[in-house]
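Understanding the architecture of this molecule
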Amino acid sequence: MSRGDMAKPLLGHRSLEGDPSTPAAGRTIGVLGSGDFARSLAIRLVCSGFKVVVGSRNPKRKAGLFPSAAEVTFQAEAVKKTDVIFVAVFREHYSTLCDLADVLAGKILVDVSNNTEINHHKESNAEYLASLFPASTVVKGFNVVSAWTLQSGARDGNKQVLICSNNQEAKRTVAEIAQVMGFTPVDMGCMSSAREIENIPLHLLPAWKIPIFLALGLFLCFFTYNLIRQVIHPYVREQKNKLYKIPIEVVNTTLPCVAYVMLSLVYLPGVLAACSQLYYGTKYRRFPDWLDQWLQHRKQIGLLSFFCAALHAVYSLCLPMRRSHRYQLIETAVKQAVEKKMNIWVEEEVWRMEIYISVGIIALGLMSLLAITSLPSIANSLNWREFSFIQSTLGFIALVISTLHTLTYGWSRAFDENQYKFYLPPTYTLTLLVPCTVILAKVIFSLPCIQQRLLRIRRGWEKGRYVKFILPSATGEFSSGETSSNV
Ligand code: NAP
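None of the values given here were measured: they were computed from a predicted structure.

Focus on the overall build of the chain
- If you tally the helices and strands in the chain, you get 21 helices and eight strands.
- Counting over 487 residues, the chain shows a buried share of 42%.
- In the chain, the proportion of contacts linking residues at least 24 apart, taken out of those at least 6 apart, comes to 72%.
- A total accessible area of about 27200 Å² is found for the chain, and carbon and sulfur atoms account for 61% of it.

Right, dumping it as C-alpha cells:
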C-alpha cells in the first residue's frame, strides 16, 4: 500500500489530521507491544496526527519496524509519557505488565485483545485487565478491526470500532481517537459488553448459517432425485451407463430447482406473516420465533438463490462445449442421414425453447437487480419506497417470470407417462409447489376486500380491540366481534 493512501483519513469527508482544533489530535498515545497490531496501530496513529510512543521489552531490536515518527522505548518509559495506552499484547502476557501498575495508575488502558474461542474465559479479557490494574481505567475497543484494516487506507476494511467501558469520560476519549483515525466509534455501553465485543471477530458468517444449510439441504434432495431419474433409472431399466451426466447435467438440473425454490422461500414468510395478521386481526401479536428468524434471513436466502441461478446460467452456456454433446449431435445427424430425413424442425419445440430461454434471461436479470440492491452501500442510497418497490414488487415479478421459465421448460412433460421414471414425476413439477402457493396467496391478498383489511391491520387497526377491554365489565353494550369504532 502506498504511503499516500496511508496519509488519507479513512472517512473521506473528515480531514482532521494534525488539526489542532480537534481535542484528540496531536496528543501522545502509548502502545504496549511491538507485534503486527501494534505496528499497524502506530502507523495509523502517526498518519492521523498523533505522537506515538511504543513500549517494548526490546526496543532496540523493534525500533526499525516502526515509522521514524514513532518513539520506541522500554515499556516503563513509554507509559510515563502518555495518559492513553493501547495494550497490544495477548491476554496470557497481561500479568507480565503488573510491574507497571504504579505508573499506569489513573491512566486509560485500551484493551484490543481477542480470544481464540467464543467465551474462552470466565471473564472477558478487558475485565481481566481491569482486575490486574484496578487503579487504571480500562476501555475495550479496536479488537474488531484487524491489523490489515488499520493499514488498508481510505477505501477498504470495516470502519466500525465497538467501544465499551464503565467510565464515560475514558470512553469518550477513546471514541475521539477512533474518529480522528477515520473510524466510526460505536458505544456498546458498560464493561459487561466486553465479552460480546470479544466474541464478534470469532463468529463465522452467523447470519448465513441457516440459509447455507437450507440451500445445501435442498441441493442434496434435488440432486439425489435427479440422479435417480437421470443416471440410476437408465442403468436399471436399459443397462445404460450415464454416469458422465453427474458433473454437469445433473448439477445443472439441480441448481435451477434450488434457485427457484429458494426465491419462493424469500416471499413465503411474508405470506405466512400476512396470514397470521389476518387470522388474529392485529399486527401487534409476535410471530413465532421460527417465522421471525425466517423473515430475518430473507436477504441471505435471496442472495443464495441468485448465486445458484447465476451458476445455472454459466453451466447452461457450457452445455454445448461438452464432448458428449458433440457425439450426440453427430449421432443424430448420422441417424437422420441413414433415415433420409431432410427436415427435423419442430415448430412447437423451437418456440418453447426461444420463450424458455428468453424468460430465463429476464428472471436472472431481475434477480441480479435484487442482489445488487440488497448490498448495504446500494440499499443506503435508495429511499424506503424505491427499496420496497425493487425488493417486493420486482422480486415478486422475478418469481412469476421464473415460474414461466419453469413452465415453458417443462411444457407438456408432466402429461407424458414416459417422464415418470420409477413413478417419480419430472423434477420441475415438484419445484412448482411452493412458488405457485406463494403466487396464489399473493393474488388472493390483492383482492380488494382482503387487501384493505390487511392494510388497515398494518396501520394499527385491531380486531375486537375495544371488546377485550369492555367485556370484563359485562355491560353488554357491544356484541362480540368488531366494534363500530374500529371497523
Ligand atoms: P504479536 O504480533 O504476537 O505481538 C504481541 C506483542 O506482545 C509482541 O510483539 C511483544 O512485544 C508483546 N509482549 C509483551 N509482553 C509479552 C510477553 N510476555 N510475551 C510475548 N510477547 C509479549 O500479536 P498481535 O497480532 O500484534 O496481537 C496483539 C494483540 O492485539 C492481541 O491481544 C490480539 O488479540 C490483538 N488483536 C490483533 C489483531 C491482528 O490483526 N493482529 C486484530 C485485533 C486484535 P515486545 O516483544 O516488543 O514486548
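Here's the deal with helix α11 (residues 246-280)
- Over its 35 residues, α11 extends 49 Å from the first C-alpha to the last, a length consistent with the 51 Å expected when each residue adds 1.5 Å.
- Of all the bends found along α11, the most pronounced is centred on V266 and spans about 30°, while P269, a proline, follows it within four residues.
- Of all the 35 residues making up α11, 25 are buried; the element is thus mostly covered by neighbouring parts of the structure.
- Phi turns positive one or two residues past the end of α11, at G281, with a value near 65°.

Quick word on the site of the ligand
- Taken together, 20 residues lie around the ligand, and S34, F37, S56, N114 and A147 are the ones closest in.
- Between the ligand and the protein, one listed contact pairs an oxygen atom with a side-chain N or O atom of R57 at 2.9 Å.
- In the model, an oxygen atom of the ligand is placed 2.9 Å from a nitrogen or oxygen of the A147 main chain.
- Here the residues of the shell around the ligand sort into seven nonpolar, ten polar and three charged.

Some words on the packing of helix α13 (residues 298-318) against helix α15 (residues 347-373)
- Running from N to C, α13 and α15 point in directions that differ by 140°, and their axes come no closer than 10 Å. Classified by chirality, the crossing of α15 by α13 is left-handed. When α13 is examined against α15, the residues L303, S305, F306, A309, A310 and A313 are found in contact with a partner set consisting of L364, M367, S368 and A371.
- Split by residue class, the contact of α13 with α15 holds eight nonpolar, two polar and no charged.

Digging into the nonpolar core
- Residues L218, M262, L265 and F445 are the most contacted members of the largest nonpolar core, which totals 52 residues.
- Elements with a contribution of two residues or more to this core: α10 (209-238), α11, α12 (289-296), α13, α15, α17 (384-410), α19 (433-445) and α20 (448-458).
- Take this core: its biggest share by element is 18 residues, from α11.

Observations concerning the packing of aromatic side chains
- Summed over the entire model, instances satisfying the criterion amount to eight aromatic pairs.
- Between the aromatic rings of Y279 and Y280, the centroid separation amounts to 4.9 Å while the plane-to-plane angle is 85°, which identifies the pairing as edge-to-face.
- A relative accessible area of 60% places Y279 in the exposed class.
- Here a set of aromatic residues connected by ring pairs shows up, and it is made of F86, F142 and F183.
- We note R285 situated over the ring of Y280; from NZ or CZ to the ring centre the distance is 3.7 Å.

Regarding the pairing of strand β6 (residues 137-140)
- Alignment of strand β5 (residues 108-111) against β6, held across four bridges, turns out to be parallel. Each bridged residue has a counterpart across the sheet, and for L109 the counterpart in β6 is V138.

A short note on unusual backbone geometry
- A positive phi angle, near 45°, is found at L205, a position not held by glycine.
- Locating L205 in the fold gives a position in the loop between α9 (194-199) and α10.
- For Y423, which is not a glycine, the phi torsion comes out positive at approximately 65°.
- Among the structural elements, Y423 can be located in the loop between α17 and α18 (427-431).
- The exposed category is assigned to Y423, whose relative accessible area is 78%.

Describing the side chain of T431
- Turning to its location among the elements, T431 is positioned in helix α18.
- On the accessibility criterion, T431 (2% relative accessible area) is buried.
- What T431 contacts, discounting residues up to four positions off in sequence, is F222, C257, Y260, V261 and T406.

Description of the pattern of salt bridges
- Going through the model one piece at a time under the given rule, you end up with 15 salt bridges.
- E349 is the partner of R352 in a salt bridge, and the nearest nitrogen-oxygen pair spans 3.1 Å. Of this pair, R352 and E349 both sit in helix α15, three residues apart, roughly one helical turn.
- Each of D111, K140 and E198 takes part in one network of salt bridges that share partners.

Here we look at the pairing of strand β7 (residues 160-163)
- Direction of pairing for β7 relative to strand β8 (residues 184-187): parallel, over a ladder of four bridges. Across the sheet, L162 pairs through a bridge with V186, a residue of β8.
- Handedness of the crossover joining β7 and β8 through helix α8 (residues 168-180): right-handed.

Remarks on the sheet that holds β6
- Read from one edge of the open sheet, six strands run β3-β2-β1-β4-β5-β6, paired in parallel fashion. Lying at the two open borders of the sheet, with one neighbouring strand each, are β3 (71-74) and β6. Here the strands of the sheet are splayed against their neighbours by 25° on average, with no regard to which way each runs.
- On the sheet, helix α6 (residues 125-132) packs against β4 (84-87), β5 and β6 and is oriented at approximately 170° with respect to β6.

What about the UniProt feature "transmembrane region" (unreviewed entry) in the chain?
- With numbering aligned to this structure, UniProt lists the feature "transmembrane region" (unreviewed entry) at residues 210-228, 258-280, 301-322, 355-375, 387-408 and 428-450.
- The span residues 428-450 carries 87% helix and 0% strand; its end-to-end C-alpha distance comes to 31 Å.

With respect to the packing of α11 against α17
- It is at 10 Å that the axes of α11 and α17 come closest, and there the two elements cross at 145°. For the pair α11 and α17, the crossing hand works out as left-handed. Where α11 abuts α17, its residues T253, Y260, L263, S264 and Y267 lie against Q391, S392, G395, F396, A398, L399, S402, T403, T406 and Y409.
- Residue composition of the contact of α11 with α17, by class: seven nonpolar, eight polar and no charged.

Parameters and conventions
- Residues numbered from 1 in each chain as written.
- Predicted model: local features only at pLDDT ≥ 70, side-chain atom pairs only at ≥ 80, totals over all residues.
- Heavy atoms only, no water.
- Helix = DSSP H or I, 4+ residues; strand = E, 2+ residues; numbered from the N terminus.
- Buried < 20%, exposed > 50% of the residue type's maximum accessible area, 1.4 Å probe, protein only.
- Contact = heavy atoms within 4.5 Å.
- Areas by Shrake-Rupley, 256 points an atom, 1.4 Å probe, with all protein chains shown as cover.
- Expected span 1.5 Å × (residues − 1).
- Bend = angle between axes of the 7 residues up to and from the residue.
- Near = heavy atom within 4 Å.
- Polar contact = N/O pair within 3.5 Å; in protein donor to acceptor, adjacent residues only side chain to side chain.
- Nonpolar A, V, L, I, M, F, W, Y, C, P; charged D, E, K, R; others polar.
- Axes fitted to C-alpha atoms, helices over the stretch in contact; angles between N-to-C directions.
- Left-handed = near helix turned anticlockwise from the far one by under 90°.
- Core = buried A, V, L, I, M, F, W, Y, C linked by side-chain atoms within 4.5 Å.
- Phe/Tyr/Trp six-rings, centres within 6.5 Å; stacked < 30°, edge-to-face > 60°.
- Lys NZ or Arg CZ within 6 Å of the ring centre and 35° of its normal.
- Pairing = 2+ DSSP bridges.
- Salt bridge = Lys/Arg side-chain N within 4 Å of Asp/Glu carboxyl O.
- Right-handed = clockwise from strand over helix to strand, strands pointing away.
- UniProt positions renumbered as here; feature names shortened; annotations may be inferred.

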